[in-house]
4 protein chains.
Amino acid sequence: MRVGIIGASGYTGAELLRILYVHPEVEVAYVTAHTYAGKMVADLYPHLHGYAEMQFRAFDADEALAAADLHFVALPHGESMQLVPQLLAGGSKVLDLSADYRLTDAEIYKQWYGLEHTSPQLMDKAVYGLPEINGELIAGADLVAVPGCYPTAAILALAPLARAGTPGTAGAVVDAKSGVSGAGRKLSLAAHFSQADGSVRPYSVGAHRHTPEMEHVLSSLAGKEVPVVFTPHLIPMSRGILTTCYVKTGTEVSGVEIEDIYGDFYAQSPFVVLLGSGSFPETKAVCGSNYCHIGWHLDGERGMLTVASAIDNLVKGASGQAVQCMNIMQGWDEALGLEALGIFP
Amino acid sequence: MRVGIIGASGYTGAELLRILYVHPEVEVAYVTAHTYAGKMVADLYPHLHGYAEMQFRAFDADEALAAADLHFVALPHGESMQLVPQLLAGGSKVLDLSADYRLTDAEIYKQWYGLEHTSPQLMDKAVYGLPEINGELIAGADLVAVPGCYPTAAILALAPLARAGTPGTAGAVVDAKSGVSGAGRKLSLAAHFSQADGSVRPYSVGAHRHTPEMEHVLSSLAGKEVPVVFTPHLIPMSRGILTTCYVKTGTEVSGVEIEDIYGDFYAQSPFVVLLGSGSFPETKAVCGSNYCHIGWHLDGERGMLTVASAIDNLVKGASGQAVQCMNIMQGWDEALGLEALGIFP
Amino acid sequence: MRVGIIGASGYTGAELLRILYVHPEVEVAYVTAHTYAGKMVADLYPHLHGYAEMQFRAFDADEALAAADLHFVALPHGESMQLVPQLLAGGSKVLDLSADYRLTDAEIYKQWYGLEHTSPQLMDKAVYGLPEINGELIAGADLVAVPGCYPTAAILALAPLARAGTPGTAGAVVDAKSGVSGAGRKLSLAAHFSQADGSVRPYSVGAHRHTPEMEHVLSSLAGKEVPVVFTPHLIPMSRGILTTCYVKTGTEVSGVEIEDIYGDFYAQSPFVVLLGSGSFPETKAVCGSNYCHIGWHLDGERGMLTVASAIDNLVKGASGQAVQCMNIMQGWDEALGLEALGIFP
Amino acid sequence: MRVGIIGASGYTGAELLRILYVHPEVEVAYVTAHTYAGKMVADLYPHLHGYAEMQFRAFDADEALAAADLHFVALPHGESMQLVPQLLAGGSKVLDLSADYRLTDAEIYKQWYGLEHTSPQLMDKAVYGLPEINGELIAGADLVAVPGCYPTAAILALAPLARAGTPGTAGAVVDAKSGVSGAGRKLSLAAHFSQADGSVRPYSVGAHRHTPEMEHVLSSLAGKEVPVVFTPHLIPMSRGILTTCYVKTGTEVSGVEIEDIYGDFYAQSPFVVLLGSGSFPETKAVCGSNYCHIGWHLDGERGMLTVASAIDNLVKGASGQAVQCMNIMQGWDEALGLEALGIFP
């Protein structure tokens, strides 16, 4: 199958190229980049030397539709929604990695992203692309909204509890630690090496745009409001997200129940690895891979469950997850082309 | 004044040597190291070339007492209590950087450290060396138990709230991120470069020995039990601790009250820098310095206060704090020799 | 084909497991580890969760020969030569990643490694496993000595010049920069995070054991003595080697000739990517991959050619190269299972 | 004495503020920044909280001259020369950290920096501010051109040999490894965390502007042309430069002679620490300090001397060196305010 990547010069676009290079069923037939139109892919990204003849093009809907049957859109929010309707209308399937179709309510979108949504009618049609909770819907979707990196890690850690009804009105604290590639390729002081190296700091406290996404999905699973206090931190590493989640359990659940809740929930999920009680994940064990590692500890005395999850923000948190969704949409093995283990050390 | 450093070959010992090198009132007259007795200080630590003639010695109580009037003890827990009584009996003042005299209850000590305390009678006599809460007691002390690095960061973040009565029975979540030097100079797989680099992970979840120290001090300040759920994380950087603390406030307090609580509490503390509401600390801004930066955010909607503090674990979290206590014990300016700003970038 | 990995608990052993996990023709049937015999692979290395049922075993020659037809030996030098003769005698093909069969002269081996070689008769029989210069010999070999990481990078940078006769009696300066994983999983102060992080330093200056390997291979290619002044440096990163090589050219060669020399030499080498004149490699572009990037600059005024090469020390510098050799020995496509591009960023 | 810092918002400006904070004879009375005029210093640089009341101002020559008697100019090359003549004419002493007055020939300046020099008459008057070779001239200077970071490290490594006549027409290879802060605070892809982290690469090969500065100074010392082949590399760390220098010695010198050459040359230099033969520096041992560590190895067999030096690029490579020069100009102890040892680990 021929696929296109719209916005291929950013890190998630480049990661799609890397992943698809070894995918047995897919050929990348069309890649675009606004600023770098005309430039060779391998000149911008030497690690993509395998695409020696490939050039970034300026986006053109007709060209895109002629070149490929499915498109990954790896543009910033606000830009995606300018193109996605055209691609869908032209008969292409679309996996959008931006935030434009992750929420279902245009008002909430406007409140957090500061933009009027230009295709609100598609917000309901889009399927939230987290295969571990939405596999069947993804299989039949034309438009998949690939989740944000933080929500992927946090929801995978908390979804079993939410569905089981554990995080009640007290909600959850999500303390997340992210590598700097989450900030993308765009230059900023926060992502300047000399500022970020050797330092850790919280940012966007109480204001990060991934908060409504987490609350929306977890509340849907729980069937009631699940408030999330979310604090992201920048960690001096390139890749990886660790979320440490704190859920007030009171005396409601036992260790065995927790084990069952997670075991049952992920019984069919090839990319979730349960480390179990007392074992905790490290981001490096999933570096470059599509896996998510989860471990937990129940502090019975203080009535608190601590759950931690680790993913690679650019793979399971973005491009790998998009490919996983594509596999499901195409009826292929969910893990096709994504089996590679993490790069360690 | 001549001082001694017992256990000077570890990182906190070396850091004492670094700090005292520019202290105007102190001369380091005696340094010991078990394994490295006979070795030149500058051979083990090239950055300490300023001590070109200094040699590590094997500890001898008589020599120690003859050489110096005040001793820093930078030994592992369990080893400190073998020496401290002798030094005190010989008339020396002692600043102990181990955990041996931080708790007041020998039973709790045994429970967390697995050792019978050999000088329980000194546990009550020792003053907990956190100048921001115990300044007057430190001034009159002979034996100061210098706090652990995590408790220093967490208590400085939470003490104003504890004294004001805010973290009630709900207690606090302390999610701490530490540089690897906190693990000391002792080799371990966790501190092996290839394992720690490019990775973040929680460790000792629900079992870290600094938990009772935090709970003890915060409960004392609050006048009631303050349970602390503490999760330390290893961050790929050498120095620095960031604690992100979550306190359920309900609708009890306003933003102005929080501001006043912190402002009043630290009005006389030269080493605490309040960044205020909406500003958050980064560890690198205090690297190599004795300062603690604190910022917070009150999420009124979700009834949660997020407070973050940053220190250098080897300075304010260990050796700098010890020197600060020494200054107070000697009646000198609290900040003497400790004024240097953080190394950034 | 069933293969065995002898000494699978070190970093090169773990890397073989990672690489072979996606190799279409190979099943890992036998893994041994001395210290960790009986331990589950995934407990030691969480990133290898795909080998959920696999256990490290204690080495037993009969078991090894019964289980697999080809063995990778990832033991320290001196230990390899204790096993390799048995494996060969039993009919297994062997790829040895240690230094034991890289040199051809038992005296030079003894001089640099301080050990009497116990199977000197195999030193001549072994083929030096650098496919870019020895492809045909590897195809027919039973015993392949996989090159060291530094020699791989340095020889790939210099081999075209050596064969063309350029580095004459003046020889070459090889200034190499390596990630810390090159030191292996064994704990040491040099590889302790707090010592290595944020620092760069030379080590083993004038005494590194990879020196004779470089001189031997380059001299063979040149047909005359090529002295190499080799200085390795430790870089605060996990993976990657960059060698910067300085070759006195005088006025002997032009830029076009250099271009031709490299282009001709590597015309058939799928893993060598020539960046050309004025473009220089970065280690991260080959991270996790089997590729080698090479670039150069000819300073005509000062008569000096600067050539730089980048590899991943654990892949092209060890385990990936071993798999590449295996592919050749088996008559498979040289690149089978090794096509994945570098992980960037 | 009241001093000014022109261009204080960059890293070398901030570093001057950090260093001067503990300097006993100096008060910073005036700081300027173009982009940040009006902004509080501590808001831009939280580590400079000690300057709580200080604001960046827009440069005004009259204000500058009224406020301070000596000015550090920490502007980019090309901008310095716009101001320096005014400051000098107004009676201020000037320490310029840019490249504008480091060379003596306006033609060579134009060739490497692409600019017409606007005050060539000052190029001869300016003293090159490397105290270890120019102490007496600095003492009498009004205008000091503080050396570049790479030339400082390379010249300190090679100056004794140059004066002794060792690096002859063959010259020297200088392979330098620099932390990323050397690129300054200005955003660039090369200094973007995700690009630089976990990677090492050469840059500006054969074209770095510090080359003529090294050749100029070393040739002056040698009394003959000393060609330098200089290759800088970017290392994933914030601070520090290591230069590894290769000098063809033939059979001219013995180990003892080398030892004497260095010992004699630096007998009066408080900031140069000779580690001697066989001991090599690490950048972290001088982090945050004004010291330079030097070690070497003589390979008699291959006729090559390898010398390595380590400095902190922002201290001895820039701001600390400027303060050292100021001390000399004022007749103070050369080391005043600069005694602090390196931050390790």
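Being a predicted model, the structure only gives us computed values, none of them experimental.

Rules used throughout
Residues numbered from 1 in each chain as written. Chains lettered and ligands numbered in written order. Predicted model: local features only at pLDDT ≥ 70, side-chain atom pairs only at ≥ 80, totals over all residues. Heavy atoms only, no water. Phe/Tyr/Trp six-rings, centres within 6.5 Å; stacked < 30°, edge-to-face > 60°. Helix = DSSP H or I, 4+ residues; strand = E, 2+ residues; numbered from the N terminus. Buried < 20%, exposed > 50% of the residue type's maximum accessible area, 1.4 Å probe, protein only. Salt bridge = Lys/Arg side-chain N within 4 Å of Asp/Glu carboxyl O. Domains from an automatic or database assignment. Buried area = accessible area lost by both parts, 1.4 Å probe. Polar contact = N/O pair within 3.5 Å; in protein donor to acceptor, adjacent residues only side chain to side chain. Nonpolar A, V, L, I, M, F, W, Y, C, P; charged D, E, K, R; others polar.

**Student:** Describe the packing of aromatic side chains, listing the residues and the values that go with them.
**Tutor:** Enumeration according to the criterion identifies 30 aromatic pairs over all chains in this entry. With a centroid separation of 6.1 Å and an interplanar angle of 65°, the aromatic rings of Phe-344 of chain A and Tyr-45 of chain C are classed as edge-to-face. Linking Phe-344 of chain A in the segment after helix H12 (315–330) with Tyr-45 of chain C in the loop between helix H2 (41–44) and helix H3 (61–67), this pair reaches from one chain into another. Note on Phe-344 of chain A: relative accessible area 3%, which makes it buried. Seen from their ring centres, Tyr-150 of chain D and Phe-230 of chain D are 5.1 Å apart, and the 65° between their planes marks the pair as edge-to-face. Here Tyr-150 of chain D is found in helix H8 (residues 149–164), whereas its partner Phe-230 of chain D is found in strand E9 (residues 228–234), with 80 residues between them in sequence. On the basis of relative accessible area, Phe-230 of chain D is assigned to the buried category, the value being 3%.

**Student:** Kindly report on the pattern of salt bridges, identifying the contributing residues and their values.
**Tutor:** Taken as a whole and judged by the stated rule, the model has 50 salt bridges over all chains. A salt bridge links Glu-215 of chain D to Arg-302 of chain C, with the nearest nitrogen and oxygen atoms 2.7 Å apart. A residue pair is termed interchain when its members come from two chains, as with Glu-215 of chain D in helix H10 (residues 210–222) and Arg-302 of chain C in the loop between strand E12 (292–299) and strand E13 (304–311). For the pair shown, Glu-215 of chain D and Arg-302 of chain C are each scored as buried. Arg-239 of chain D serves as the salt-bridge partner of Glu-15 of chain D, at 2.8 Å between the closest nitrogen and oxygen. You can see Glu-15 of chain D sitting in helix H1 (residues 11–20) and its partner Arg-239 of chain D sitting in the loop between E9 and strand E10 (241–248), a full 224 residues away along the chain. For the pair shown, Glu-15 of chain D and Arg-239 of chain D are each scored as buried.

**Student:** Please provide a residue-by-residue account of the domain arrangement of chain A, values included.
**Tutor:** Residues and elements named next belong to chain A. Here chain A is partitioned into domain 1 (2–125) and domain 2 (149–313). Summarising the inter-unit geometry, the C-alpha centres of domain 1 and domain 2 are found 27 Å apart. A per-residue breakdown of the area domain 1 buries against domain 2 is headed by Tyr-11, Arg-102 and Trp-112, which together make up 47% of the total. Applying the counting criterion to the domain 1 and domain 2 interface returns 2 salt bridges. One can count 7 residue pairs in polar contact (both at pLDDT 80 or more) joining domain 1 with domain 2. Put simply, the parts of the chain that give the side of domain 1 that touches domain 2 at least two residues each are helix H1 (11–20) and helix H5 (106–113). Looking at the side of domain 1 that touches domain 2 residue by residue, the class counts come to 8 nonpolar, 3 polar and 3 charged.

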